[in-house]
Structures are given as structure tokens and as C-alpha cells.
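Here's the letter readout for the chains.
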Amino acid sequence: MACFIVPMTEAIVVTVVKKVVEKKEKKVLEQGTIQTTQAIHSTQTGLSWSRKLSWLNRLLWGGVVLLAYEHLWHGEIVPWPPFLTAMNNPADIAPMLHEVATIGTGMAIFVTAVWAVMVLIADHKAKAITTAKINTAMGGK
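All residue numbers refer to position in the chain's written sequence, counted from 1. Predicted model: local features are reported for residues with pLDDT of at least 70 only, side-chain atom pairs are reported and counted for 80 or more only, and whole-chain, interface and lining totals are derived from all residues. Only hydrogens and water are set aside; all other atoms, that is, all heavy atoms of the structure, feed into the side-chain values.

(A) Just the environment of G46, in detail. Helix and strand definitions here come from DSSP, where helices need a minimum of 4 consecutive H or I residues and strands a minimum of 2 consecutive E residues; each element is numbered from the N-terminal end. Summarising the element assignment, G46 is placed in the loop between α2 (34-40) and α3 (49-73). We classify G46 as partly exposed; its relative accessible area is 43%. Counting along the chain gives 80 residues from G46 to A126, while the straight-line C-alpha distance between them is 7.4 Å. Exposure categories follow from relative accessible area, calculated using a 1.4 Å probe and restricted to protein chains: below 20% of the type maximum is buried, above 50% is exposed, and the middle band is partly exposed.

(B) Quick peek at the packing of helix α1 (residues 5-31) against α3. Angles here are taken between N-to-C directions and fall from 0 to 180 degrees, while the axes themselves are lines fitted to C-alpha atoms, restricted in helices to the stretch in contact. The N-to-C vectors of α1 and α3 enclose an angle of 160°; their axes lie 9 Å apart at closest approach. Classified by the interaxial angle, the pair formed by α1 and α3 is roughly antiparallel. Where α1 crosses over α3, the handedness of that crossing is left-handed. Taken together, the residues of α3 that come into contact with α1 (itself represented by P7, M8, E10, A11, I12, V14, T15, V17, K18, V21, E22 and E25) are W49, S50, L53, S54, L56, N57, L60, W61 and V64. Residues are grouped as follows: Ala, Val, Leu, Ile, Met, Phe, Trp, Tyr, Cys and Pro are nonpolar; Asp, Glu, Lys and Arg are charged; all remaining types, including Gly, are polar. The residue makeup of the contact of α1 with α3, split by class, is 13 nonpolar, 4 polar and 4 charged. What sets the label is the angle itself: under 35 degrees gives roughly parallel, over 145 gives roughly antiparallel, 65 to 115 gives roughly perpendicular, and the rest give oblique. The crossing is said to be left-handed when, going from far helix to near helix, the turn is anticlockwise and less than a right angle, and right-handed when the turn is clockwise. Throughout, a contact is declared for two residues whenever any of their heavy atoms are within 4.5 Å.

Next up, the structure:
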């Protein structure tokens, strides 16, 4: 019915946070010091937080678009107020809110967990690549 509302809310928050982080990173890069540049990149892997947040942002917005389209396809969303067909009948509001609270929250948590695993793997891979480059530059294996 309206389970996409929770991931959409998270996506809106992540979009705002990403913009703020990008602004801070840009300001730090303009200062150009080594210490502040290292503060931008987590674990000095070269992957900025704004980039990582953009991954989460894309996952969330992609899911929201697909879910909204699916609900539109099944007639659960209409182009006139109140937009959600469950809002037309007071008896349908409680099941809709239950779906939002359970299914929507579960999807948002799952997508965020998948993103967290992606970030951990990306940081690990980037750190391994950086270490290999340093070892090669120093004449090691």
C-alpha cells in the first residue's frame, strides 16, 4: 500500500546529509592540508563519505521508484488526492500504517545494511590496493 514511504523518507534525509557532507569536503579540499584531506577519506582509502552516501542514496531512490511504480501498477496510488487508495476508506488506514511500520521499515533497514556491507568491502579492497601500491613503490612484494 504505502511501504515505499519509509525508504523515501530515509532517501530524503540521506540526500540532505550527502549535500552537507559534500559541502564540508569541498571546503576542506580548498584548504588543502594533509591532515584535513585525510579527515575526509575514511581510513585513508580514498573513498569519501559523500561517495559512500551517494551509493546509499542511489539504492534507496531506486527502490522507491520501483516500489512506487509497482503500487501505481496495482492501483494503490492514484494521481488525485489523497493519492493513496487506502486513505479513502478509514478501515484501510490501520492496515496501511501497519504495512508502513513493518514492511517499509524492514526494507529501509535491509537496504541500509546491504549498503553498510558494501562500504566495508569497498574500504577493505581500497585499503588492500593502497597497501599493495605502497609496497610496490618501496620495492617490496
